Amino acid sequence: MIATTLLPYAIGAFTLALLLNLYRLLRGPGLADRILALDTLYINSLALLILVGIHFGTPVFFEAALVIAMMGFVGTVALSKFVLRGDIVE
Amino acid sequence: MQVLLDVVLCALILIGTVFALIGSWGLAKLTDFFKRLHGPTKASTLGVGCVLIASMLYFTFRTEGGASLHELLITLFVFLTAPISAHLLVKAALSLDPGMRPPPPQVPDQQADVEP
């Protein structure tokens, strides 16, 4: 079982990736940088949830990951549309 | 068989983690928005794909209950939506800063050869 000993390090690396995204989210000079940081943040947190699910051996995190994927995409599209048109629902 | 599965799981988790970390590092380090877009849209998506395939293999072969196909749904969704969101982000960034738009390509003058 090498995989179970590898998992905490992978979870730590994903946490580091989330921190890097948070740095870009707080620092980002432009509006588009912050939207991109949010987009990366939800994708990385989705992978982190999947890894935590493997670590605990429970499949209950799949639905959470699916909801994060759908809502994150909707959020990115809504923010980009707002920047593009100044309005979301036209 | 178990050892082979373990090696494949380890390789997938390691590759996925390294790709996601490199993508996030590129997002934090690069200097321009259009350079920063490269990191997350390619590397992070590949990293998430590798992690999801590892999870699919793990829950299919290590636990009872047959094949686990939830992750395939998530992988398909992420791979389908990542280019769309990247495209919309570029359009939004270009509308915020129109000076970054590259000049239109120069069409070579071919009329001189065709017309006598």
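Worth saying up front: this structure is predicted, and the values here are computed from it rather than measured.

Enquirer: Explain the overall build of chain A to me, please; I cannot follow it from the model alone.
Expert: Regarding its fold elements, chain A presents three helices and zero strands. Helices and strands in chain A line up, N terminus first, as α-α-α. A compact globule built from 90 residues should have a C-alpha radius of gyration of about 12 Å, whereas chain A, at 16 Å, is more than 25% larger. Expressed along its principal axes, the backbone C-alpha trace of chain A runs to roughly 55 × 30 × 15 Å. The burial tally for chain A puts 39% of its 90 residues in the buried class. Excluding contacts between residues fewer than 6 apart, the proportion of contacts in chain A whose partners are at least 24 apart in sequence is 45%.

Enquirer: Would you explain the overall build of chain B in this entry?
Expert: Helix and strand counts for chain B come out as five helices and zero strands. Shown N-terminal to C-terminal, the secondary structure of chain B runs as helices and strands in the order α-α-α-α-α. Computed over its C-alpha atoms, the radius of gyration of chain B comes to 22 Å, more than 25% above the 13 Å expected for a compact globule of 116 residues. By principal-axis analysis of the C-alpha atoms, chain B measures approximately 75 × 40 × 20 Å. Counting the 116 residues in chain B, one finds 39% classified as buried. Of all intrachain contacts in chain B linking residues separated by at least 6 positions in sequence, the fraction that spans at least 24 positions is 58%.

Enquirer: Which parts of the structure should I look at to understand the interface of chain A and chain B?
Expert: A common way to report how large an interface is uses the accessible area buried once the components associate. In this assembly, 42 residues from chain A lie in contact with 41 residues from chain B. Every element with two or more residues in the side of chain A that touches chain B is listed here: α1 (2-27), α2 (31-56) and α3 (61-85) of chain A. Broken down by element, the side of chain A that touches chain B gets its largest block of residues, 16 residues, from α2(A). Among the residues making up the side of chain A that touches chain B, the classes are represented as 32 nonpolar, seven polar and three charged.

Enquirer: Help me understand the confidence of the model for chain B, please; the structure alone is not making it clear to me.
Expert: Parts of the model with low pLDDT should not have their predicted coordinates read in detail. Residues and elements named next belong to chain B. Residues of chain B with pLDDT of at least 70 account for 92%, and the chain-wide mean is 84. Confidence, read as mean pLDDT per element, is least for helix α5 (residues 111-114) in chain B (56) and greatest for helix α1 (residues 2-29) (90). The complex model carries a pTM of 0.84, and its ipTM stands at 0.86.

Enquirer: Quick question: what am I supposed to make of the packing of α2(A) against helix α4 (residues 70-96) of chain B here?
Expert: Where α2(A) contacts α4(B), the two axes come as close as 9 Å, and the packing angle between them is 170°. By the criterion of interaxial angle, the relationship of α2(A) to α4(B) is roughly antiparallel. Within the contact between the two elements, α2(A) uses Leu31(A), Ala32(A), Ile35(A), Leu36(A), Asp39(A) and Ile43(A) and α4(B) uses Val78(B), Ser85(B), Leu89(B), Ala92(B), Ala93(B) and Leu96(B). A per-class count over the contact of α2(A) with α4(B) returns 10 nonpolar, one polar and one charged.

Enquirer: Where do I start with α3(A) in this structure?
Expert: An α-helix turns once every 3.6 residues. As a result, residues three or four positions apart point the same way. Over its 25 residues, α3(A) extends 36 Å from the first C-alpha to the last, a length consistent with the 36 Å expected when each residue adds 1.5 Å. Among the residues of α3(A), those classed as buried are Phe61(A), Phe62(A), Ala65(A), Ala69(A), Gly72(A), Phe73(A), Thr76(A), Leu79(A) and Ser80(A). The elements touched by buried residues of α3(A) are α2 of chain A together with α4 of chain B. Looking one or two places after α3(A), you find Gly86(A), whose phi comes out positive at around 80°.

Enquirer: Where do I start with the environment of Thr17(B) in this structure?
Expert: Relative to the helices and strands, Thr17(B) resides in helix α1. The spatial distance from the C-alpha of Thr17(B) to the C-alpha of Ser44(B) is 8.9 Å, given a sequence separation of 27 residues. Setting aside anything within four residues of it in sequence, one finds Thr17(B) in contact with Ala10(A), Ala13(A), Phe14(A) and Gly47(B).

Enquirer: Sorry, what's going on with the environment of Gly75(A) here?
Expert: Residue and element names in this part refer to chain A. Here Gly 75 lies in helix α3. On the basis of neighbour count, Gly 75 is assigned to the partly exposed category, with 15 C-beta atoms found within 10 Å. Residues Gly 75 and Tyr 42, 33 residues apart in the sequence, show an inter-C-alpha distance of 10 Å.

Each value, and the rule that gives it
Residues numbered from 1 in each chain as written. Chains lettered and ligands numbered in written order. Predicted model: local features only at pLDDT ≥ 70, side-chain atom pairs only at ≥ 80, totals over all residues. Helix = DSSP H or I, 4+ residues; strand = E, 2+ residues; numbered from the N terminus. Rg over C-alpha atoms; globule rule 2.2 N^0.38 Å. Buried ≥ 20, exposed ≤ 12 C-beta atoms within 10 Å, placed from the backbone. Contact = placed C-beta atoms within 7 Å. Nonpolar A, V, L, I, M, F, W, Y, C, P; charged D, E, K, R; others polar. pLDDT = per-residue confidence, 0-100. Axes fitted to C-alpha atoms, helices over the stretch in contact; angles between N-to-C directions. Parallel < 35°, antiparallel > 145°, perpendicular 65-115°, else oblique. Expected span 1.5 Å × (residues − 1).

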